[in-house]
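Residues per chain, in single letters:
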6 protein chains.
Amino acid sequence: MIYLTRRERFSAAHRMFRQDWSDEENRKVFGKCSNPNWHGHNYDLYVTVKGELSDKPGFVINIDTLKQIIQERVIHKVDHKNINLEVDFMKGRIATTENLAVAIWDQLRPFIEKEGALLHCIRIEETENNSIEYYG
Amino acid sequence: MIYLTRRERFSAAHRMFRQDWSDEENRKVFGKCSNPNWHGHNYDLYVTVKGELSDKPGFVINIDTLKQIIQERVIHKVDHKNINLEVDFMKGRIATTENLAVAIWDQLRPFIEKEGALLHCIRIEETENNSIEYYG
Amino acid sequence: MIYLTRRERFSAAHRMFRQDWSDEENRKVFGKCSNPNWHGHNYDLYVTVKGELSDKPGFVINIDTLKQIIQERVIHKVDHKNINLEVDFMKGRIATTENLAVAIWDQLRPFIEKEGALLHCIRIEETENNSIEYYG
Amino acid sequence: MIYLTRRERFSAAHRMFRQDWSDEENRKVFGKCSNPNWHGHNYDLYVTVKGELSDKPGFVINIDTLKQIIQERVIHKVDHKNINLEVDFMKGRIATTENLAVAIWDQLRPFIEKEGALLHCIRIEETENNSIEYYG
Amino acid sequence: MIYLTRRERFSAAHRMFRQDWSDEENRKVFGKCSNPNWHGHNYDLYVTVKGELSDKPGFVINIDTLKQIIQERVIHKVDHKNINLEVDFMKGRIATTENLAVAIWDQLRPFIEKEGALLHCIRIEETENNSIEYYG
Amino acid sequence: MIYLTRRERFSAAHRMFRQDWSDEENRKVFGKCSNPNWHGHNYDLYVTVKGELSDKPGFVINIDTLKQIIQERVIHKVDHKNINLEVDFMKGRIATTENLAVAIWDQLRPFIEKEGALLHCIRIEETENNSIEYYG
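Quantities reported herein were computed from a predicted structural model and do not represent experimental measurements. (Residues numbered from 1 in each chain as written. Chains lettered and ligands numbered in written order. Predicted model: local features only at pLDDT ≥ 70, side-chain atom pairs only at ≥ 80, totals over all residues. Heavy atoms only, no water.)

**Looking at the relation of the copies chain B and chain A**
Put simply, the two copies of the chain differ by a rotation about an axis and a shift along that axis. Put simply, the test is: Least squares is the method used to superpose the copies, on C-alpha atoms of residues holding a pLDDT of at least 70 in both. Throughout, a residue-residue contact means that at least one pair of heavy atoms, one from each residue, lies within 4.5 Å.
Structural alignment of chain B on chain A gives an RMSD of 0.0 Å, achieved by rotating through 180° and translating 0.0 Å along the axis. Taken together, the rotation and translation relating the two chain copies correspond to the operation of a two-fold axis. Of the residues that chain B buries at the interface, 100% are likewise interface residues in chain A, meaning the two copies contact each other through the same surface.

**Quick notes on the interface of chain C and chain D**
For clarity, the cut-off: Accessible area that two parts lose when put together, with a 1.4 Å probe and added across both, is what the buried area reports. By definition here, a salt bridge exists when the distance from a side-chain nitrogen of Lys or Arg to a carboxyl oxygen of Asp or Glu is within 4 Å. Any pair of N or O atoms that falls within 3.5 Å is considered a polar contact. Within protein, one atom must be able to donate a hydrogen and the other to accept it, and sequence-neighbouring residues count only if both atoms are side-chain atoms. Under the DSSP-based scheme used, a helix requires at least four consecutive residues in state H or I and a strand at least two consecutive residues in state E, with every element numbered from the N terminus. Residues were grouped as follows: Ala, Val, Leu, Ile, Met, Phe, Trp, Tyr, Cys and Pro as nonpolar; Asp, Glu, Lys and Arg as charged; and all remaining residues, including Gly, as polar. The pairing criterion for strands is at least two bridges between them, as found by DSSP.
Opposite the 18 residues of chain C that make contact, chain D presents 15 residues. Among the residues chain C hides against chain D, the three largest losses belong to C:E98, C:N129 and C:E133. Together they make up 34% of the total. Linking C:E128 and D:R7 is a salt bridge whose minimum nitrogen-to-oxygen distance equals 2.7 Å. For the pair chain C and chain D, the number of links is eight residue pairs in polar contact (both at pLDDT 80 or more). Counting only elements with at least two residues in the side of chain C that touches chain D, the list comes to helix 1 (23-30), helix 4 (97-114) and strand 5 (130-134) of chain C. For the side of chain C that touches chain D, the element with the most residues is strand 5 of chain C, which contributes five residues. Along the lines of polarity and charge, the residues of the side of chain C that touches chain D split into nine nonpolar, five polar and four charged. Relative to strand 1 (residues 2-14) of chain D, strand 5 of chain C runs antiparallel, the two being bridged by five bridges. Each residue of the ladder has a partner; that of C:Y134, found in strand 1 of chain D, is D:I2.

**Digging into unusual backbone geometry**
The cut-off we apply is this: Burial here depends on accessible area, computed with a 1.4 Å probe over protein chains only, as a share of the maximum for the residue type. Under 20% is buried, over 50% is exposed, and the range in between is partly exposed.
A positive phi angle, close to 60°, is found at C:H80, a residue other than glycine. Of note, C:H80 is situated in the loop between helix 2 (63-78) and strand 3 (81-82). Here C:H80 falls in the buried class, since its relative accessible area comes to 10%. For F:W38, which is not glycine, the phi dihedral falls at a positive 75°. Structurally, F:W38 is set in the loop between helix 1 (23-30) and strand 2 (39-51).

**Comments concerning the packing of aromatic side chains**
Rule in force here: Under the pairing criterion, centres of Phe, Tyr and Trp rings, with the six-membered ring standing for Trp, must be within 6.5 Å; the plane angle then separates stacked pairs below 30 degrees from edge-to-face pairs above 60, leaving the rest tilted.
For the structure on display, the rule yields 30 aromatic pairs over all chains. Ring centres 5.9 Å apart and planes at 85° place the aromatic pair C:F30 and D:F59 in the edge-to-face group. Of this pair, C:F30 sits in helix 1 while D:F59 is found in the loop between strand 2 (39-51) and helix 2 (63-78), placing the two residues in two different chains. The class of C:F30 is buried, set by a relative accessible area of 4%. Centroid distance D:F10 to D:Y43: 4.8 Å. Interplanar angle 15°. Geometry classified as stacked. Here D:F10 is found in strand 1, whereas its partner D:Y43 is found in strand 2, with 33 residues between them in sequence. A connected cluster of aromatic rings, assembled from ring pairs, spans A:W21, A:F30 and C:F59.

**What about the environment of F:V29?**
Mapped onto the secondary structure, F:V29 falls in helix 1. Classification of F:V29 as partly exposed rests on a relative accessible area of 25%. Sequence spacing of F:V29 and F:S54 is 25 residues, and the spatial spacing of their C-alpha atoms is 48 Å. Once residues within four sequence positions are removed from consideration, F:V29 is found in contact with B:P57, B:F59, B:N62 and F:W21.

**Looking at the environment of F:T48**
All names here are of chain F. When you line up the elements, T48 lands in strand 2. You can call T48 buried: its relative accessible area is 8%. Apart from residues no more than four positions distant in its own chain, T48 is found in contact with Y3, L4, T5, L118, L119, H120 and C121. At 2.8 Å, the side chain of T48 forms a polar contact with the side chain of T5.

**A few points about the packing of helix 2 of chain D against helix 4 (residues 97-114) of chain D**
When two helices pack together, you describe them by how their axes are tilted relative to each other and by the distance separating the axes. All names here are of chain D. Rules: Note on definitions: angles span 0 to 180 degrees between N-to-C directions of axes, and those axes are lines fitted to C-alpha atoms, for helices only across the stretch in contact. Each angle is binned into one of four classes, with values under 35 degrees roughly parallel, values over 145 roughly antiparallel, values of 65 to 115 roughly perpendicular, and all other values oblique. Handedness of a helix crossing follows the sense of rotation of the near helix relative to the far helix, less than a right angle counterclockwise being left-handed and clockwise being right-handed.
Their axes nearest at 10 Å, the elements helix 2 and helix 4 cross at an angle of 150°. The orientation of helix 2 with respect to helix 4, classified from their angle, is roughly antiparallel. Here the hand of the crossing between helix 2 and helix 4 comes out right-handed. For the pair helix 2 and helix 4, the contacting residues are L66, I69, I70, R73, V74 and K77 in the first and I104, Q107, L108, F111 and I112 in the second.

**Points about the interface of chain B and chain A**
With 24 residues of chain B at the contact, the number on the chain A side is 24 residues. For the pair chain B and chain A, the summed buried area comes to about 1,900 Å², and 42% of that belongs to carbon and sulfur atoms. In terms of surface lost to chain A, no three residues of chain B exceed B:N37, B:N42 and B:H80, which account for 29% of the buried area on that side. Taken together, the connections running from chain B to chain A amount to six salt bridges. Summed over the shared surface of chain B and chain A, the result is 21 residue pairs in polar contact (both at pLDDT 80 or more). Elements supplying a minimum of two residues to the side of chain B that touches chain A: strand 1 (2-14), strand 2 (39-51), strand 3 (81-82) and helix 3 (83-86) of chain B. Here the side of chain B that touches chain A is built from residues that sort into five nonpolar, eleven polar and eight charged.

That is the geometry; function is a separate question.
Structure below.
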């Protein structure tokens, strides 16, 4: 079993808040991340897939194919967007990085399995100090 | 003459657009950076000051003082904010990184000169690929 | 189960040596890291916690709370300190990064569990080439 | 159990291709990475070993010893070399990063075990976007 | 006057040698960088342009246009190529990073001036330890 | 004129203080950096030299020679040392990064000029947030 990780990047606006809470409650739980006028980040997305070394070409997955899947299924939908307002797969979820990682897992998994590999981990670095990992 | 650079970081939302242009014109000039629902970045701000080595303590400026000036005059005003809507020193300016660098220069210069040093350069890294420098 | 990692940084002096060994023996085993006049590093501390996504706010742990715990229990005790002489939780331990990781685990674990999350990993990067991980 | 990671770096040329395929087939599967005139990378090699904290000096493995093993068994053989033509332990293998990771595992494992530690992971970063991990 | 820097990356093979020198002489002057079987690097190319802040859109140059110029005039010609054998603008020059910086300056300058900006600096990072700057 | 920058790294202990001041005065001016039990950093040293492109081999200075000069004249004297107590060229100077940059300039300049190049800049990064530049 061998693991391959591809990084892709996107920049987006978001706000952490719950619609059924008042602005005050949101501010109390989420702090400055709940600013109603939004803020944003450069997100680094690391997608790790795993597989047996196929005996022929000696790689887990064609990295150009993996790049295209991530671009088409995730990056085009989130880059230079508002995660709360414009990202279909985040509808109904609070725009935390944790929820984003789970949602991206669901977006990517079937397309990676079609290529004969397994999705192993979604890691998102929101800032150089904060990151999230999800293993399904 | 010796140069000291301090980095501080902030995360903010912005949108590049001119109010006297249509959405279509803005989209044509600014591309995806003009998204009406905003997007955002982690900004790295590098402030370079210069001065003679003061004969006594052997430094250009007290770095804690410099840090406080940058925090108070810039970071508290832009971190987790919307640059277009909430930052007083960007009022009336298009929210490009170029304009942001010039505005931050104006914010910091008098306070750094009060400390007996000279402001030399404002550098802003918007992404790992794009950065701006301004020397006054 | 989802994993959140917070990075905090500190700068400290240390020396690798055993009190029951001669300077010569220490030098033989620890090399230049045993210099009696000390040396130092910028340490990057990565604290990874894990938990179920709580159904309400959608995060593993409040990251501000986690930051405060790490700051109060570790950073304030080691930053700009001598690890051998001044850090209470390293008393009686050789000041290797391995021992430091184990000691920091013990410092942080109860406070993280009080917040309803589990401590998963302590990682310390001593230089860009050397790092240590401890999983309890 | 505690984990120690050492990074070493090398720069090398390579080409991805299978000798029993035509240039056209190689180009189709491997894309620009199959360029017959070679291309190259700066590779970051991360070697992770694990062990119990030996009760005496408080470290997993002497890091100078680990560095020497990696330098002698791997870096001297691949740095400023052509991976396809000049690296003995890659003979007969397609020069993918996946195969390189497996081959480096085989090179290092016996020498690390002689030091009383276990080899845990070989990670190679080929570019800032692509990396491979192998756990044996 | 304001400065904008765009980073683009490429991976290439090269060899430092002079055709009118013997292999031995080349080895003596260029060391391992003269390996006849090539080696390679991930190159980071930083292109800095400068200009007055145009009063309308508030930027020095349209960054998408700059990106396209660099991609078309440089990256497509050097990425996954052999700098000695395949790069037209390096014909007849020794494949040092110094010469590469000068050649890239010549490639880019007219196209940047057509956009109303001035080329200020070409910086190439060959490894994390070695870089070259050229100001024309 | 072309510029070449070489990075070398060292780890050292230091303390900022003036011998003719009391501990209290030192603490007031230098803050936690004046801790009598020392602290330390990983320092990144960037040495920039400049020169005309010599017509023969196409480089400013032989980078192996430059590396050896920096290693011999600076790194061997400061790495894993106490800057206040053990570094001959810092005797009588307060161990600020500013003074260190000036002292390293004086150490390196004659040896670089012997190689037919000019020393242009000494840059020291003390942490990822603080750096110093000196141009002679």
